[in-house]
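These are the residues of each chain, in order.
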Amino acid sequence: MLVSGSLALAGGTEVTLDSLKSTTPAAWKAVPGKMPFRLYTFTLPKAEGDDKDAQLVITSFGKGGGGGYKENLVRWQGMFLPPKGKAIEDVTKTEKFKVGAVEVTVVDIEGTFKDKFPPFDPAAKTTLRPEWRRINVIFASEDGPYFMYIIGPQKTVASHKDSFEKWLKGFK
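Sequence order sets the numbering: in each chain, residues are counted from 1 along the sequence as written. Whole-chain, interface and lining totals are the exception, using all residues; otherwise, since this is a predicted model, local features are given only for residues with pLDDT of at least 70 and side-chain atom pairs are given and counted only at 80 or more. The side-chain numbers reported here are obtained from all heavy atoms of the structure, hydrogens and water having been left aside.

Quick word on the layout of surface pockets
- Cavities and pockets are defined on a 1 Å grid built over the protein atoms alone: a cavity is a set of grid points where a 1.4 Å probe fits but cannot escape, while a pocket is an open set with protein on both sides within 12 Å along at least five of seven lines, and lining residues are those with an atom within 4 Å of any such point. Grid points are joined across faces, edges and corners, and a volume is the space filled by probe spheres set on the points. Roughly 1,100 Å³ of volume is contained in the largest pocket.
- Contributing to the lining of the largest pocket are 35 residues, with Arg38, Lys116, Pro119, Arg134 and Tyr149 lying nearest its centre.
- Every helix listed is a DSSP run of H or I at least four residues long, and every strand listed is a run of E at least two residues long, numbered separately from the N terminus. Here the lining of the largest pocket gets 5 residues from one element, more than from any other, and that element is strand β10 (residues 126-140).
- As a working rule, the residues Ala, Val, Leu, Ile, Met, Phe, Trp, Tyr, Cys and Pro are called nonpolar, Asp, Glu, Lys and Arg charged, and the rest polar, with Gly in that last group. Looking at the lining of the largest pocket residue by residue, the classes come out as 18 nonpolar, 8 polar and 9 charged.

Details of the pairing of strand β3 (residues 20-23)
- A one-sided burial pattern is seen for β3, the buried positions being Leu20 and Ser22 and the unburied ones Lys21 and Thr23.
- Relative to β3, strand β2 (residues 12-17) is paired through 4 bridges, and the arrangement is antiparallel. When the sheet's bridge partners are listed, Thr16 is paired in β3 with Lys21.
- Between β2 and β3, which pair antiparallel and follow one another directly, the connecting turn spans 2 residues, one of which, Asp18, has a positive phi of 55 degrees. Only protein chains enter the accessibility calculation, which uses a 1.4 Å probe; a residue whose area is less than 20% of its type maximum is buried, one above 50% is exposed, and one in between is partly exposed. Note on pairing: two strands pair once DSSP finds at least 2 bridges between them.

Right under this line is the structure:
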């Protein structure tokens, strides 16, 4: 797995996954610091009327690590309560495409986010965040997979969706 450190450029930050690179939009601010498995963290500015910024996180658990699509789908859906009258499957959208030779799976979920920190601590306090959205990505490159997600208020995440897709499809 080849991951280089963030390189701030005039237009944003260059992100490297294996030998593929893409530069983030300038508005995305790299968050310094290290956490286990977390390669990059960015703050994405909140949309007008929202009280929180969104966050983009890129992780890796080593070559072949992190589980497959089905295990992650169940875990990601378990982080949300669907809106009243809907099932979680109704508010989950999946899309697959290629970026060069890399298989990419995108899972977009919205509803009430069960925010828990630390996320895997059974004793952690859970804060319910209504009208939130999480766009999850499995970037299955040769030395991956890499996992990415944007999480935040629905309106804020929606305001960054097009630039996120352009950035994701821009890895070369």
